[in-house]
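# Architecture and fold: a report
The lines below spell out each chain.
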Amino acid sequence: MLGFAGRRYLVTGVLNDDSIAWHTAKALQEAGAEVLLTGFGRTRRITEAAAAGLPHPTDVLELDVTRPDDLTRLAKELEVRWGAVDGVLHAIAAAPQSALSGNFLTTPVESATHALHTAAVSLHGLTAALAPLLARKRGSVVGLDFDSTGAWPGYDWMGVSKAALGAVCRYLALYLGDSGIRVNLVAAGPVETVAGSAISTFDAIADRWEQEAPLGWDRADVQRLTGPVLFLLSDLAAAVTGEIVHADGGMHAVRMGVGGGRTSGKETAR
């Protein structure tokens, strides 16, 4: 029903087989799509090992999203290999420790800038570089997000970067709509990934999610987050762009305080 057979997707941000990106690549392949991954530097070997573990082992193309030359080279490589791209998953974010875990007030400008570039500006760079290839298929770009409507202790400049990511998404949707290209985000709840482990307050945030999200939450269940991503990559979302789809158990909608979650509510009802 989702119609992925014969389609071609670029998946960025795969570091290991615990990531949302890896599970998305796996689900796309199982649905009949062709997939390529990206990686760079010292971690590329880890990405290549993860690529080998997919149902259909695939190539890993070099991409550091902060390097314009890499973006140009990637577009040329995809032009040669595929000629067009049906969709892209942007699953890239990084910040120095000096920009996280309570260091907000003392974060050097260079660290804040790196976080903003990697997590937010890179969505613009990647999408703009691949826009000619995406336009040929009226393609879809999906980025991974985290709730940025409030301030989460310890998330710091990554939270600022995710707020910027939402704005970048909306402006890309505005300017690429005439080309038929859709740009959306999936705001996932906290899951146990390499990226999550960099946040010193991750466990406290995940604890709150598991206590208070209306649908409940399981920080270890990464695979369930692929559904919203696949929806936005598919033709089922042909009329959706500039949107942030929350796949967080409903946590973004309730704004409860600590101790005011589902368990407390049930006790009150009794």
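Below: a short report on this structure. Position numbers for residues start from 1 in each chain and track the written sequence from start to end. In view of the model being predicted, local features appear only for residues whose pLDDT reaches at least 70, and side-chain atom pairs are presented and counted only at 80 or more, with totals across whole chains, interfaces and linings using the full set of residues. Hydrogens and water are ignored here; the side-chain numbers use all heavy atoms of the structure.

### Overview of the overall build of the protein chain
Of regular secondary structure, the protein chain possesses 10 helices and 7 strands. Values of the radius of gyration come from C-alpha atoms, whereas the globule rule sets the reference at 2.2 Å times the count of residues to the power 0.38. Relative to the 2.2 N^0.38 estimate, which gives 18 Å for 270 residues, the radius of gyration of the protein chain is 18 Å and therefore close to what a compact globule would have. Between buried and exposed lies partly exposed: a residue is buried under 20% and exposed over 50% of the maximum accessible area for its type, with that area taken using a 1.4 Å probe on protein chains only. Here the protein chain holds 270 residues, and the buried ones make up 49% of them. Within the protein chain, contacts between residues at least 6 apart in sequence are counted, and of these 76% link residues at least 24 apart. Per element, the accessible surface of the protein chain, about 12,400 Å² overall, is 55% carbon and sulfur. The positive charge centre, built from 23 side chains, and the negative charge centre, built from 29, are 4 Å apart in the protein chain. A helix here means a DSSP run of H or I that spans at least four residues, while a strand means a run of E at least two residues long, and both kinds are numbered starting from the N terminus. Contacts are assigned to residue pairs with any non-hydrogen atoms lying within 4.5 Å of each other. Note on areas: these come from Shrake-Rupley sampling with a 1.4 Å probe, and a residue is covered only by the protein chains present in the view. In this charge count, Lys and Arg are treated as positive and Asp and Glu as negative; neither His nor the chain ends contribute. To locate a charge, take NZ of a lysine, CZ of an arginine, CG of an aspartate or CD of a glutamate.

### Here we look at the pattern of salt bridges
We count a salt bridge whenever a side-chain nitrogen from Lys or Arg sits within 4 Å of a carboxyl oxygen from Asp or Glu. If you walk through the whole model with that rule in mind, you get 14 salt bridges. For K26, the salt bridge is made with E30, and the minimal N-O distance between the two is 2.7 Å. Highlighted residues: K26 and E30, both in helix 1 (residues 20-30), separated by 4 residues, approximately one helical turn. Its relative accessible area of 54% is what places E30 among the exposed residues. For E77, the salt bridge is made with R81, and the minimal N-O distance between the two is 2.5 Å. Residue E77 and its partner R81 are located together in helix 3 (residues 68-81), separated by 4 residues, close to a single helical turn. The class of E77 is partly exposed, set by a relative accessible area of 30%.

### Points about helix 1
Across the 11 residues that make up helix 1, a large majority, 9, are buried. For helix 1, the full list of buried residues reads I20, A21, W22, H23, T24, A25, A27, L28 and Q29. Two residues or fewer past helix 1, G32 is found with a positive phi of approximately 100°.

### With respect to unusual backbone geometry
Despite not being glycine, S101 shows a phi value in the positive range, around 55°. Here S101 is to be found in the loop between strand 4 (87-90) and helix 4 (109-135). With a phi angle near 50°, D156 is a residue other than glycine that sits in the positive phi range. Considering the arrangement of structural elements, one finds D156 in helix 5 (residues 156-176).

### A word on the sheet that holds strand 2 (residues 34-39)
Should DSSP find at least two bridges between two strands, the strands are taken to pair. If you walk across this open sheet you meet the 7 strands as 3-2-1-4-5-6-7, and the pairing is parallel. Bordering the open sheet on either side are strand 3 (60-62) and strand 7 (244-247), each of which pairs with just one other strand. Taking the axes of each pair of neighbouring strands and ignoring which way they run, one obtains an average angle of 25° across the sheet. In this analysis, axes come from line fits to C-alpha atoms, helices being fitted only over the stretch in contact, and the angle between any two N-to-C directions falls in the range 0 to 180 degrees.

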